[in-house]
Amino acid sequence: MTSILTPTPANLTTAAEALLRSRVVAIPTETVYGLAGVAFDEVALATIFTVKERPTFDPLIVHVPTPPGDADVHLAELGLLDPSLLGPKARERLNTLAKAYWPGPLTLVVPRGPRVPDLVTSGLDTVAIRCPGHPVAQELLATVKRPLAAPSANRFGRISPTTAAHVLEELGGRIDIILDGGPAHVGIESTVVSVTDPPQILRPGSISKESLETTLSESLAIAKPNATLKPQASPGMLERHYAPGKRFVRLPAPTSSLTDEAVQRLQTLVEGVEGPIALICVLGDARAAATHLRELTGRDVLAHSLSPSGDPNEAARNLFRTLRLLDSTGAALLVAEPLPAATGVLLAIVDRLSRATVPL
Ligand code: TXA
Ligand code: MG
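All of these numbers come straight from a predicted model, not from anything done at the bench.

A word on the overall build of the protein chain
Then, number 1: When its secondary structure is counted, the protein chain shows 12 helices and 16 strands.
Then, number 2: Here the C-alpha radius of gyration of the protein chain, 21 Å, is about what a compact globule of 360 residues would show, namely 21 Å.
Then, number 3: Across its three principal directions, the C-alpha atoms of the protein chain cover 65 × 50 × 35 Å.
Then, number 4: Counting all 360 residues of the protein chain, 56% fall into the buried class.
Then, number 5: Counting contacts in the protein chain only where the partners sit at least 6 residues apart, residues at least 24 apart contribute 69% of the total.
Then, number 6: In the form shown here, the protein chain has an accessible surface area of approximately 14500 Å², with 54% of it arising from carbon and sulfur atoms.
Then, number 7: The distance from the centre of the 33 positive side-chain charges to the centre of the 36 negative ones in the protein chain is 2 Å.

Right under this line is the structure:
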């Protein structure tokens, strides 16, 4: 039986006790819900992989409380970081970024310390560390007094959960406790940055490349997603991820200028399948695009804009919720408008949508 618990002091104690008994607990963070286990506990770590059906080559993020002083000192004390492998530039980046963005939606990849089990890092010589901004996550970390490994609380490859109810949909019956901290207010996973030379963004998130570059006074490369499922330098960057169960295509052009060939391909995809076409627009009013698509295909079109008012942060907050909603409707096909060339948080939205879709 899976229980959704409000984060009262008594329930936080219950969750902490479960974690200390090698159990896993779903927890709220400001980005998405996580499936947490004590990072030094191999039994808990193995459970995380089993519950998620996650391949062990995909490493986990370790969550820590807010460092009281410089992050490098704190992480070394916890045995998470090997400071001797951190060059002076990397050390400065780690401390600068931690000071500027922690607690918050930023994960920093650093040389792995002696206490980090292989299961956390998939055998890599680096470990990903994040200090979550959600007060419930912080309270739980303070109660457990151990770092918590936590991937997103969804089955592998599926849509990340942004509410306790989504976690129940994904993992109900597989775990005992979901702590309910309300809807995640960022809605998209943390930005992952490797601080060692050359510094790079391994996964875009709500903390933008532009903001990081200003903080560091240097430029950051963005790692390319991996096309294949095998261990690599940035294993989280799988090309196909965050996918709904239904077929989900991205259009080669706006609905107002689709070629006859593209419309034909759409018709082939929905042939013999009942139900409307569900259309996702990232920003702005979706109604005109829906009208075009309805005229072109003769099908009913359910249109959803991630932010009708054009606010990228709102679009991030709505992304996974909307994908989940559309996946559960009776739509024959999910369709995304062409993804805009993007900066800021839009880059993260485009990243997730391009990995959830296939080109038409
Ligand atoms: O916002 C978040 O980061 C959420 C919440 C729960 O904290 N967590 C999350 O975890 O998104 P997960 O497991 O779904 O994604 C972790 C990402 C993966 O893409 C993984 O490959 C990458 O971090 N990662 C972990 N350790 C790494 C390492 N040592 N080097 C490179 N990438 C790493
Ligand atoms: Mg995930």
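What to know about the side chain of His166
Then, number 1: Mapped onto the fold, His166 is located in helix α7 (residues 164–171).
Then, number 2: Of the residues examined, His166 reaches a relative accessible area of 8% and is grouped as buried.
Then, number 3: Setting aside residues up to four positions removed in sequence, His166 forms contacts with Pro161, Arg321 and Arg324.

Examining the sheet that holds strand β14 (residues 301–307)
Then, number 1: Taken in spatial order, the five strands make up an open sheet running β14-β13-β15-β12-β16, and their pairing is parallel. The open sheet is flanked by β14 and β16 (358–359), the only strands paired with a single partner.
Then, number 2: The pairing of strand β12 (residues 248–250) with strand β15 (residues 333–336) spans three bridges and is classified as parallel. Paired with Phe248 across the bridge in β15 is Leu334.
Then, number 3: Its contacts with the sheet put helix α9 (residues 260–270) on β12, β13 (277–283) and β15, and the angle it makes with β15 is roughly 155 degrees.
Then, number 4: Strand contacts of helix α12 (residues 345–356): β12, β13 and β14, with the helix running at about 155 degrees to β13, the strand carrying the most contacts.

Digging into the pairing of strand β6 (residues 126–130)
Then, number 1: Across the five residues of β6, four count as buried, placing the element largely inside the fold.
Then, number 2: With three bridges connecting them, strand β4 (residues 61–63) and β6 associate as parallel partners. Bridge pairing in β6 places Val62 opposite Ile129.
Then, number 3: Pairing geometry for strand β5 (residues 106–111) and β6, over five bridges, is antiparallel. Opposite Val109, over in β6, you have Ala128 as the bridge partner.

Describing the packing of aromatic side chains
Then, number 1: Enumeration over the complete set of coordinates arrives at zero aromatic pairs.
Then, number 2: Taking the ring centre of Phe40 as reference, the NZ or CZ of Arg115 above it sits at 3.8 Å.

Regarding the packing of α9 against helix α10 (residues 287–297)
Then, number 1: Across the interface, α9 lies against α10 with an axial gap of 10 Å and an inter-helix angle of 75 degrees. The pairing of α9 with α10 is recorded here as roughly perpendicular in orientation. Only Leu293, Leu296 and Thr297 of α10 make contact with α9, whose side of the interface consists of Val263, Leu266 and Gln267.

Description of the sheet that holds strand β7 (residues 148–149)
Then, number 1: Pairing is mixed across the open sheet formed by 11 strands, whose spatial order is β1-β8-β2-β3-β7-β4-β6-β5-β9-β10-β11. Bordering the open sheet on either side are β1 (3–5) and β11 (221–222), each of which pairs with just one other strand.
Then, number 2: Bridge analysis of β5 against strand β9 (residues 191–194) gives four bridges, and the strand direction is parallel. Note on β9: the bridge partner recorded for Val109 is Ser194.

Some remarks on the domain arrangement of the protein chain
Then, number 1: According to the domain assignment, the protein chain contains domain 1 (3–222) and domain 2 (248–359).
Then, number 2: Here domain 1 and domain 2 have C-alpha centroids that lie 31 Å from each other.
Then, number 3: Every contact between the two is made by 23 residues of domain 1 and, on the other side, 17 residues of domain 2.
Then, number 4: Both faces combined, the contact of domain 1 with domain 2 buries some 1500 Å², and carbon together with sulfur accounts for 60% of it.
Then, number 5: Counting every contact that joins domain 1 to domain 2 gives four salt bridges.

Points about unusual backbone geometry
Then, number 1: Backbone torsion omega between Trp102 and Pro103 reads -5 degrees, so that peptide bond is classified as cis.
Then, number 2: Tracing the backbone shows Pro103 in the loop between α4 (88–101) and β5.
Then, number 3: The peptide bond linking Asp197 to Pro198 adopts the cis configuration, its omega dihedral lying at -15 degrees.
Then, number 4: Residues other than glycine seldom take positive phi values, yet Ser217 does so here, at roughly 55 degrees.
Then, number 5: Tracing the backbone through its elements, the reader meets Ser217 in the loop between α8 (209–216) and β11.
Then, number 6: Residue Ser217 is classed as exposed on the basis of its relative accessible area of 67%.

Describing the environment of Tyr33
Then, number 1: For Tyr33, the position within the fold is in the loop between β2 (25–27) and β3 (34–38).
Then, number 2: Polar contacts involving the side chain of Tyr33 include one to the side chain of Asp180, which spans 3.4 Å.
Then, number 3: A distance of 2.8 Å separates the side chain of Tyr33 from the backbone oxygen of Gly182, its partner in a polar contact.

Basis of the calculations
Residues numbered from 1 in each chain as written. Chains lettered and ligands numbered in written order. Predicted model: local features only at pLDDT ≥ 70, side-chain atom pairs only at ≥ 80, totals over all residues. Heavy atoms only, no water. Helix = DSSP H or I, 4+ residues; strand = E, 2+ residues; numbered from the N terminus. Rg over C-alpha atoms; globule rule 2.2 N^0.38 Å. Buried < 20%, exposed > 50% of the residue type's maximum accessible area, 1.4 Å probe, protein only. Contact = heavy atoms within 4.5 Å. Areas by Shrake-Rupley, 256 points an atom, 1.4 Å probe, with all protein chains shown as cover. Lys, Arg positive; Asp, Glu negative; His and termini not counted. Charge placed at Lys NZ, Arg CZ, Asp CG, Glu CD. Pairing = 2+ DSSP bridges. Axes fitted to C-alpha atoms, helices over the stretch in contact; angles between N-to-C directions. Phe/Tyr/Trp six-rings, centres within 6.5 Å; stacked < 30°, edge-to-face > 60°. Lys NZ or Arg CZ within 6 Å of the ring centre and 35° of its normal. Parallel < 35°, antiparallel > 145°, perpendicular 65-115°, else oblique. Domains from an automatic or database assignment. Buried area = accessible area lost by both parts, 1.4 Å probe. Salt bridge = Lys/Arg side-chain N within 4 Å of Asp/Glu carboxyl O. Polar contact = N/O pair within 3.5 Å; in protein donor to acceptor, adjacent residues only side chain to side chain.

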